[in-house]
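Observations on chain architecture
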Amino acid sequence: MIPTLARRLPLVALAFACACAVTPPERSYEVDDADLPDAWRADGDAGELDLDGWWRRFDDDALSAQVERALEHNRDLAAAAARVEAARAMARVAGAALMPQVDLGVNAARARQNFIGLPIPGGGADVLSSTSSSLGVSLDVAWEWDLWGRLSAAEQAALEQFHASAADYAGAQLSIAGQTAKAWLALAEARL
């Protein structure tokens, strides 16, 4: 007969092998490295283009004022900005799980106990009492070992969510500015 532990050892080893962490693959692409036709390219490098204030290149102060007003008062854009801040906070929280957790506690207590009705010889009319004080300090340190990669994967996912929400916000800004400029130019064309 094979001992019970020896029979179960292969099952335990199999369970540990199945539980090994699978890390997500690294990105194998870069957005800026896309091969575009020359007809689609603007003058200069994509990193040099000023997409934040592209409407100012028209040298029209009224157009710039309208676009900036639209960007300032658009509720969808404000909601997108709030989603960026929420994603930033979630990324910070997800990264904190990888760090050690430290708790410091201070405790103070004072207790008084009255001994009423005890027959104490020579006690007289005074009530016998006892007062005790206690002080305590505790320091707790905890750290979760990221053996299977769950915490680092959660942090990476939160960072990617933050980058996605920031890109959504930038896209919403460009869309609102583009739609405002398009309407402004359509109005100028109609006047002509």
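To be clear, the structure that these remarks concern was listed above.
In this numbering scheme, every chain counts its residues from 1 along its sequence in written order. The predicted nature of this model means local features are confined to residues of pLDDT at least 70 and side-chain atom pairs, given and counted, to a pLDDT of 80 or more, with totals for whole chains, interfaces and linings taken over all residues. As a rule here, side-chain values come from all non-hydrogen atoms in the structure, and water together with hydrogens is ignored.

Turning our attention to the overall build of the chain. From N to C terminus, the chain includes four helices and two strands. Helix and strand labels come from DSSP, where a helix needs a run of H or I of at least four residues and a strand needs a run of E of at least two; each type is numbered from the N terminus. Ordered by position from the N terminus, the helices and strands of the chain form the series α-α-α-β-β-α. The classification of residues rests on relative accessible area computed with a 1.4 Å probe and restricted to protein chains. Under 20% of the type maximum is buried, over 50% is exposed, and intermediate values are partly exposed. Out of the 192 residues in the chain, the part that is buried amounts to 11%. Considering only intrachain contacts with a sequence separation of at least 6, the fraction spanning at least 24 residues in the chain is 69%. Split by element, the accessible area of the chain, about 15800 Å² in all, is 58% carbon and sulfur. Should any heavy atoms of two residues lie within 4.5 Å, those residues are counted as being in contact. Working definition of accessibility: Shrake-Rupley area with a 1.4 Å probe, residue cover restricted to the visible protein chains.

Looking now at helix α4 (residues 150–191). By this rule the span expected of a helix is its residue count minus one, scaled by 1.5 Å. Here α4 is 42 residues long and its end C-alpha atoms lie 61 Å apart, about the 62 Å a rise of 1.5 Å per residue gives. Contacts made by the buried residues of α4 are with α2 (61–73) and α3 (75–96).

This next bit is on the nonpolar core. Take the buried Ala, Val, Leu, Ile, Met, Phe, Trp, Tyr and Cys residues and link them wherever side-chain atoms come within 4.5 Å; each set so joined is a nonpolar core. Formed by W55, L63, V67, L71, L77, I176, A177 and A181, the largest nonpolar core amounts to eight residues. Elements that contribute at least two residues to this core include exactly α2 and α4. With residues up to four places along the chain from it excluded, the contact list for V67 reads W55, A177, T180 and A181. Membership of the second largest hydrophobic core comes to six residues, among which are V84, A91, A94 and A158.

This paragraph deals with the pattern of salt bridges. A pairing counts as a salt bridge when a side-chain nitrogen of Lys or Arg comes within 4 Å of a carboxyl oxygen of Asp or Glu. The full count for this structure, using the stated rule, is three salt bridges. Two residues, R88 and E85, come together in a salt bridge whose shortest N-O distance is 3.3 Å. Residue R88 and its partner E85 are located together in helix α3, separated by three residues, close to a single helical turn. Across the pair E144 and R150 runs a salt bridge, and its minimum N-O distance is 2.8 Å. Using a relative accessible area of 43% as the deciding quantity, one classes E144 as partly exposed.

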